[in-house]
Amino acid sequence: MSAPPAETAPWAAADPYTAALRTGTGPLFLRRTDGWLLPLDVERWCARADAVDRDVLDRCEGPVLDVGCGPGRLVAELAARGRTALGIDVSSTAVERTTRLGGPALHRSVFDPLPGEGRWRTVLLMDGNVGIGGDPYALLRRAAELLAPDGLLIAETAPVDVDERAEVEVTDTPGRAPGRPFPWARLGTPALLRYANEAGLRPTAQWEAGGRSFVALRARTAHTSADTPNRAAVISSQWPRNTSAERPVARA
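Since this is a predicted model, take the numbers as computed values, not measurements.

Asker: Before we go on, may I ask you to explain unusual backbone geometry in this structure?
Answerer: One can expect most non-glycine residues to show negative phi and most peptide bonds to be in trans. In this structure, proline 27 follows glycine 26 across a cis peptide bond, with omega equal to 5 degrees. Relative to the helices and strands, proline 27 resides in the loop between α2 (15-23) and β1 (29-32). Its identity as a non-glycine residue notwithstanding, aspartate 127 has a phi of 55 degrees, on the positive side. Here aspartate 127 lies in the loop between β6 (120-125) and α7 (136-146).

What follows is the structure, encoded as structure tokens:
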């Protein structure tokens, strides 16, 4: 599946973003072209996984793909638990930081060819990454393609009821935006559920914690019983064996 035209380079090339990841500090904002600012929580992204993050990771099943892994706190936490995980990000600085923390990561867009397509048991869209590409339907369809049959998508939504697509820029100064605009989206839970239904994903849980909102969804497509063992064999040949216990996702 090809990438939406402006998903990859603008965010990755934004100097304030690179600088913030290297220092672990803000301020950093997404600036809409009309001047509206969305603060980005760089300090939390660059810290260790917190209690809210760890609860999300407790819900993950099998091999985990973290889309837009940023500085890598979630992939590093999964790796520390002995879990099979991979982060992908369009920022080379983010990927470098993730690998330094001990988490495997690739410099890729979610719309690029990826390892294990159709075999990931869990895909994560955290920290506003439901906005990637500015087209929620296309992103969720891509997530569904990456998931194994009945695989789990966990997405973090805006803590307000919003369904917005806009051109944004990354800036560290409210009055200045150095990069060219690129498409982004903000979705609250109701909007995400609408797009998910269209993308063939069914909701299984919703929750709030620490002022953050989350949705868990399942891929609807199922393979035949004859196909399933073959796919399982491919996973086991590509990834280290995972023996950690997993907690089922609570049903809504």
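Asker: Mind showing me how you'd approach the sheet that holds strand β10 (residues 201-209) here?
Answerer: Pairing between the strands of a sheet comes from backbone hydrogen bonds, and it takes one of two forms, parallel or antiparallel. Ordered by their spatial adjacency, seven strands build an open sheet running β5-β4-β3-β6-β7-β11-β10, and the pairing between neighbours is mixed. The open sheet has two edge strands, β5 (105-107) and β10, and neither has a second partner. Each strand axis lies, on average, 20 degrees off the axis of its neighbour in the sheet, ignoring direction. Strand direction decides the pairing type here: strand β3 (residues 64-67) and β6, joined by three bridges, are parallel. Paired with valine 64 across the two strands is threonine 122, which belongs to β6. On top of the sheet, helix α6 (residues 92-100) reaches β4 (85-89) and β5; it is set at about 165 degrees to β5, its chief contact. α7 rests against β3, β6, β7 (147-157) and β10 of the sheet, and its axis sits at about 140 degrees to β7.

Basis of the calculations
Residues numbered from 1 in each chain as written. Predicted model: local features only at pLDDT ≥ 70, side-chain atom pairs only at ≥ 80, totals over all residues. Heavy atoms only, no water. Helix = DSSP H or I, 4+ residues; strand = E, 2+ residues; numbered from the N terminus. Pairing = 2+ DSSP bridges. Axes fitted to C-alpha atoms, helices over the stretch in contact; angles between N-to-C directions. Contact = heavy atoms within 4.5 Å.

So far we have only geometry, and geometry alone does not tell us how the molecule works.
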